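# Notes for the structure review
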Amino acid sequence: MNFKVVGGGPAGLYFAYLMKRSHPDYTVRVVEQNPADATYGFGVVLSGRALSFLAAGDARAIERLSARMQSWSEQHIVHRGELVAIDGSSYAAIERLAMLHELQSLCREIGVKLEFNQRVESAADHSDCDVLVAADGANSALRDSYSLAFDTRVVELENYFAWYGVETPYAAHTLTFVQGEGGTYCAHHYRYAPDKSTFVAEVDAATWLSSGMSTMTDDERKGFMEQVFAHTLQGKPLISNRSFWRRWRLVTNGRWHHRNIVLIGDAQRSSHPSIGSGTRLAMEDAIALWRAFEADGNDIASAFRRYERERRPVRDKLNQAAEKSIAWYESMALKMLLSPCDFAYDYMLRTGVMTRERLAKESPEFMRRLARAESLT
Ligand SMILES: Cc1cc2nc3c(=O)[nH]c(=O)nc-3n(C[C@H](O)[C@H](O)[C@H](O)COP(=O)(O)OP(=O)(O)OC[C@H]3O[C@@H](n4cnc5c(N)ncnc54)[C@H](O)[C@@H]3O)c2cc1C
């Protein structure tokens, strides 16, 4: 069989690797618009649970990625300048480019053809393969060329954000909330290399207007964020890599396949970063599609149906959690009326997945601190 994968992000590369590893006789190619060593953003974070889910595809590949990761076992939430530590939260982060390089190496070692600097504009002339895998991200050109057939829906969320880097190595996955300078600000920051961290800044729609950010240039917004988060940045400047401010586009598709085209990763459903798992979900889609072909052999229609039937319920469940998380961030100004400990507790329970009982088991130190705070009020 002949597979053509458009998009050399985590979903496309992991799928190509899994497929070729199981079927050395198949032709598997990845077509990527960027050069091999270019990407957007800085580092991505994955939970410890996510890593074990991904190892279900190929444990050796995940071991190689894990060897390049920074890891920690706490989450920090900073509100009114007070740090609240949530123990028992296992996370790991990796530079996005390092992750892509490792996946590219895995692909090359087993004979996947990688073709860089080639942008695919539409799905029109792709009869040169049996299966066309659209792994070309949230703004997928392949998906958009059949948006009616895929029943594509796009919702623009309220908050604005930009993805920066900084040479401050933070001790843990941290969320810092700041009130002042005309509004409410949030930063998600975490170390992805010994001396570097990702720094995602986010503001709500009211702040976007009241702070004057709506009329600033992206350079001015970067300078403004350096002022707002001066204490958190510890004197270091923010680093840009095509770090423009935008609203998050939530993309969903009523159908995941059409003709010989199948959607995976962000092309299939863009994941909101506040549940921190876009990379994991994209790579799990790759595992699910590969498994479907393992079960159905070269019956493409059947493999596509199996992929959607088995994967959709999982995606839907996470989407419900993401919607609650999005609503929490859109109302963060109100949430910030809570004391630091109550605020952290509210944050941890925001998606409905975590419960008080589970927190007591997984984060006993935090819950003791919460109980002390509650007994004082
Ligand atoms: C601000 C921000 C923070 C994030 N933080 C995290 C995080 O902490 N943890 C996490 O797990 N995820 C995070 N994500 C999400 C994560 O980056 C994505 O969910 C994940 O990369 C999706 O993988 P993918 O392979 O589906 O798509 P992508 O990674 O977007 O890859 C798509 C690839 O396709 C290529 N491409 C696009 N169009 C074409 C075309 N027409 N022709 C050829 N090639 C094309 C692109 O160049 C790209 O290489 C974050 C995202 C953002 C924006």
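Preceding this section is the structure that the text describes.
Model, not experiment: these values are computed from the prediction. Per-chain numbering applies: the sequence of each chain, read as written, is numbered from 1 onward. Only residues with pLDDT of 70 or above have their local features reported here, since the model is predicted, and side-chain atom pairs are shown and tallied only from 80 upward, although totals for entire chains, interfaces and linings are computed over all residues. For the side-chain quantities, the full set of heavy atoms in the structure was used; hydrogens and water were omitted.

## Considerations on the site of the ligand
What counts is decided by this rule: Note on terminology: near, applied to a residue and a molecule or strand, indicates that one of the residue's heavy atoms is within 4 Å of it. For this analysis, a polar contact is any N or O atom pair within 3.5 Å, provided that within protein one partner can donate a hydrogen and the other can accept it, and provided that sequence-adjacent residues contribute only side-chain to side-chain pairs. What sets the accessible areas is the Shrake-Rupley method with a 1.4 Å probe; for residues, cover comes only from the shown protein chains. Helix and strand assignments follow DSSP, with helices taken as H or I runs no shorter than four residues and strands as E runs no shorter than two, numbered in order from the N terminus. Gly falls in the polar group here, along with every residue not listed as nonpolar (Ala, Val, Leu, Ile, Met, Phe, Trp, Tyr, Cys, Pro) or charged (Asp, Glu, Lys, Arg).
Within the structure, the ligand sits among 35 residues, and Glu32, Arg96, Val120, Asp266 and Thr279 are positioned closest to it. Alanine 11 places a main-chain nitrogen or oxygen 3.0 Å from an oxygen atom of the ligand. Between the ligand and arginine 96, the relevant distance is 2.9 Å, taken from an oxygen atom to a side-chain nitrogen or oxygen of the residue. Considered on its own, the ligand offers 990 Å² of accessible surface; in the complex 94% of this is hidden by protein. Looking at the shell around the ligand, the elements with two or more residues in it are helix H1 (10–22), strand S3 (43–47), strand S8 (152–166), strand S12 (246–253) and helix H10 (278–296). Ranked by residue count, the leading element in the shell around the ligand is H10, at four residues. A breakdown of the residues in the shell around the ligand according to their chemical character gives 16 nonpolar, twelve polar and seven charged.

## Observations regarding the packing of H1 against H10
To keep it simple, the criterion reads: To define axes, lines are fitted to C-alpha atoms, for helices over the stretch in contact only, and angles between the resulting N-to-C directions are given on a 0 to 180 degree scale. Note on terminology: angles under 35 degrees are roughly parallel, angles over 145 are roughly antiparallel, angles of 65 to 115 are roughly perpendicular, and the others are oblique. Two helices that cross are described as forming a left-handed crossing if the nearer one is turned anticlockwise from the farther one by less than a right angle, and a right-handed crossing if clockwise. In what follows, residue pairs with any heavy atoms lying within 4.5 Å of each other are defined as contacts.
Where H1 meets H10, the axes come as close as 8 Å, and the angle between the chain directions of the two elements is 30 degrees. By the angle between their axes, H1 is roughly parallel relative to H10. Read as a crossing pair, H1 and H10 show a hand that is right-handed. Touching Pro10, Ala11, Tyr14, Phe15, Leu18, Met19, Arg21 and Ser22 of H1 are Thr279, Ala282, Met283, Ala286, Ile287, Leu289, Trp290, Phe293 and Glu294, all from H10. Taken together, the residues of the contact of H1 with H10 sort by class into 13 nonpolar, two polar and two charged.

## Section: the layout of surface pockets
Inclusion rule: Here a cavity is any set of points on a 1 Å grid over the protein atoms alone where a 1.4 Å probe fits but cannot get out, and a pocket is any open set with protein on both sides within 12 Å along at least 5 of 7 lines; a residue lines the site when it has an atom within 4 Å of a point. Grid points are joined across faces, edges and corners, and a volume is the space filled by probe spheres set on the points.
Considering only enclosed or pocket space, the second largest pocket measures out at about 360 Å³ in volume. Considering the residues around the second largest pocket, the lining is formed by 23 residues, among which Val78, Gly81, Thr176, His231 and Thr232 are closest to the centre. Those elements giving two or more residues to the lining of the second largest pocket turn out to be strand S4 (70–79), strand S5 (82–95), strand S9 (173–180) and helix H9 (230–233). Looking at the lining of the second largest pocket element by element, the count peaks at five residues for S9. Split into classes, the residues belonging to the lining of the second largest pocket amount to eleven nonpolar, ten polar and two charged.

## A short note on the pairing of S5
Rule in force here: In this analysis, strands are considered paired if DSSP registers two or more bridges between them.
Pairing of S3 with S5, which is carried by five bridges, proceeds in the antiparallel orientation. Note on S5: the bridge partner recorded for glycine 43 is glutamate 95. Sheet topology places S4 next to S5; nine bridges connect them, and they run antiparallel. Paired with serine 71 across the strands is alanine 92, a residue of S5.

## A few points about empty space enclosed by the protein
Where empty space is left in the structure can be found by rolling a water-sized probe over the atoms. Using the criterion set out here, one finds two cavities of 30 Å³ or more in the structure. If you add up the space inside the largest cavity, you get close to 110 Å³. Broken down by element, the lining of the largest cavity gets its largest block of residues, four residues, from S8. Residue composition of the lining of the largest cavity, grouped by class: eight nonpolar, three polar and two charged. In this structure, the second largest cavity spans a volume of roughly 60 Å³. As for the second largest cavity, its lining consists of Arg269, Ser270, Ser271, His272, Ile275, Leu281, Arg315, Leu318, Asn319 and Ala322.

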